[in-house]
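Overview (structure and organization)
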Amino acid sequence: SLVISLASPLFLSGGDRAESLFLFVLLAGTGAVVTLVIAAQAVGNADRPASTVPLPLRGQLTAILASADARMLLLITVLTGLFPPLFAKTFLYFGQYVLGEPETVRICLTAMVIGQLIGIPFWSWLGTVTEKAWALSASHMVAASGFLCVWLFEPGGITIAAVGLWCGVGLGGLYMLIWAMAPDVVEQIEAGGGGRPEAMLFALLIFAMKLAISVGALVLGLVL
């Protein structure tokens, strides 16, 4: 994300923007595929065979939906995918037409990515010394307070970099803590006799996140 936010102005500053955008997307997609291959190879040797007979898919889904914690985590995942990504999308227009400072878009979005890099280890540490639910709530408050500052004060110049950094720190916790809490929910389901529906839970979380991001983009398009 950091590389893309820094490289996009360079790629799109030329005369043939359509060709530059195609090349940029091609390189970004290739980088994403390479990243996934590296990740798969890195964890492949650590995979362990299941110690019990896996539940059928319907049984996994039933066990997840019967868990209040799993339903809550799915709801939080939907809200996280639906609303926070809209900030970055709408700030493209906010910096251009409200602040009247197009350069603030790159500054703010880059600061947000750096803030996420800073926030992830912090929230990881906080999640180990306190309840993950409290850490997740705190990360939501940090991100929301940053969004509120942009709306109320319309900061520009160097101030938007500080606000973007603050928002990014909060966003780092939003996205990371969901996945940190998922294994805890799986263990709670297993302790309640529902088996270990970990594959289904992670699949549902990913699906919920991607679906919410798509719906958010659709709603944004209709609003604009």
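Residues numbered from 1 in each chain as written. Predicted model: local features only at pLDDT ≥ 70, side-chain atom pairs only at ≥ 80, totals over all residues. Heavy atoms only, no water.

**Quick notes on the overall build of the protein**
To be explicit about the condition: Here a helix means four or more residues in a row that DSSP labels H or I, a strand means two or more in a row labelled E, and each is numbered from the N terminus. Any residue under 20% of the maximum accessible area for its type is buried, any over 50% is exposed, and the rest in between are partly exposed; the area is computed with a 1.4 Å probe on protein chains only. Residues are treated as being in contact if the distance between any of their heavy atoms lies within 4.5 Å. Calculation of accessible area relied on Shrake-Rupley with a 1.4 Å probe; when residues are assessed, cover is drawn exclusively from the protein chains displayed. His is not counted here, nor are the chain ends, while Lys and Arg score as positive and Asp and Glu score as negative. Every charge is mapped onto a representative atom, which is NZ of Lys, CZ of Arg, CG of Asp or CD of Glu.
A count of helices and strands for the protein gives nine helices and zero strands. For the protein, the spread of C-alpha atoms along the principal axes amounts to about 60 × 40 × 35 Å. Classification of the 224 residues of the protein by burial places 33% in the buried group. Restricting to contacts in the protein with at least 6 residues of sequence separation, those with at least 24 account for 72%. Here the protein displays about 13500 Å² of accessible surface, and carbon together with sulfur accounts for 71% of that area. Counting 9 positive and 12 negative side-chain charges, the protein places the averaged centre of each group 6 Å from the other.

**Section: a nonpolar patch on the surface**
Just so we agree on the cut-off: For patch detection, residues must exceed 30% relative accessible area and be free of salt bridges, and they are connected within 9 Å for like charges or within 5 Å for nonpolar side chains (Val, Leu, Ile, Met, Phe, Trp, Tyr). In what follows, salt bridge is the name for a side-chain nitrogen of Lys or Arg lying within 4 Å of a carboxyl oxygen of Asp or Glu.
A cluster of nonpolar residues, L92, Y93, Y97, V98 and L224, forms a patch on the protein surface that exposes about 560 Å² of accessible area. Tracing the backbone through its elements, the reader meets L224 in the segment after helix 9 (198–223).

**Overview of the side chain of Q60**
By secondary structure assignment, the location of Q60 is in helix 3 (residues 57–65). Sequence-distant contacts of Q60, defined by excluding residues within four places in its chain, comprise L55, P197, E198, A199 and M200.

**With respect to the environment of A32**
In this fold, A32 is placed in helix 2 (residues 17–44). Separated by 91 residues in sequence, A32 and W123 place their C-alpha atoms 25 Å apart.

**A word on the nonpolar core**
Quick reminder of the rule: Nonpolar cores are built from buried Ala, Val, Leu, Ile, Met, Phe, Trp, Tyr and Cys residues. Side-chain atoms within 4.5 Å join them into one set.
Membership of the largest hydrophobic core comes to 25 residues, with the highest contact counts inside it found for I64, L73, W123 and L201. Broken down by secondary-structure element, the contributors of at least two residues to this core are helix 3, helix 4 (68–82), helix 6 (103–129), helix 7 (132–153), helix 8 (157–191) and helix 9. By residue number, the principal contributor to this core is helix 8, which donates nine residues. Residues contacting I64, with those up to four places away along its chain left out, are A70, R71, L74, I189, P197, M200, L201 and L204. Formed by 15 residues, the second largest nonpolar core is a distinct cluster that contains F87, A143, V150 and L174.

**A word on the pattern of salt bridges**
Under the criterion given, the structure shown has three salt bridges. A salt bridge links K132 to D184; its shortest N-O distance comes to 2.9 Å. Here K132, found in helix 7, pairs with D184, found in helix 8; they are 52 residues apart in sequence, far enough to count as distant. Residue R196 pairs with E190 through a salt bridge whose shortest N-O separation is 2.8 Å.

**Let's talk about the packing of helix 5 (residues 84–98) against helix 9**
Worth spelling out the cut-off: Orientation is described by axes fitted as lines to C-alpha atoms, over the contacting stretch for helices, and by angles from 0 to 180 degrees between their N-to-C directions. Our angle categories are set so that under 35 degrees counts as roughly parallel, over 145 as roughly antiparallel, 65 to 115 as roughly perpendicular, and the remainder as oblique. Crossings are assigned a handedness: left-handed for a near helix turned anticlockwise from the far helix by less than a right angle, right-handed for a clockwise turn. Asp, Glu, Lys and Arg are counted as charged, while Ala, Val, Leu, Ile, Met, Phe, Trp, Tyr, Cys and Pro are counted as nonpolar; the rest, among them Gly, fall into the polar class.
At a minimum axis distance of 10 Å, the contact between helix 5 and helix 9 shows a crossing angle of 40 degrees. Relative to helix 9, the element helix 5 is oriented oblique. Of the two elements, helix 5 crosses helix 9, and the hand of that crossing is right-handed. Along the contact surface, helix 5 presents P85, L86, K89 and T90, while helix 9 presents I213, G216, A217 and L220. Per-class residue counts for the contact of helix 5 with helix 9 are five nonpolar, two polar and one charged.

**Considerations on unusual backbone geometry**
As a rule of thumb, non-glycine residues mostly have phi less than zero, and peptide bonds are mostly trans rather than cis. Look at E154: it is not a glycine, yet its phi comes out positive at around 50 degrees. Mapped onto the elements, E154 comes out in the loop between helix 7 and helix 8.

**Structural notes on the environment of A180**
Topologically, A180 is positioned in helix 8. Relative accessible area serves as the criterion here: at 25%, A180 is assigned to the partly exposed category. Taking the C-alpha atoms as reference points, A180 and Q116, 64 residues apart in sequence, are found 16 Å from one another.

**Considerations on the side chain of S139**
If you trace the backbone, S139 turns up in helix 7. Classification of S139 as buried rests on a relative accessible area of 0%. Leaving out residues up to four positions away in the same chain, S139 has contacts with W123, G170, G173, L174 and L177.

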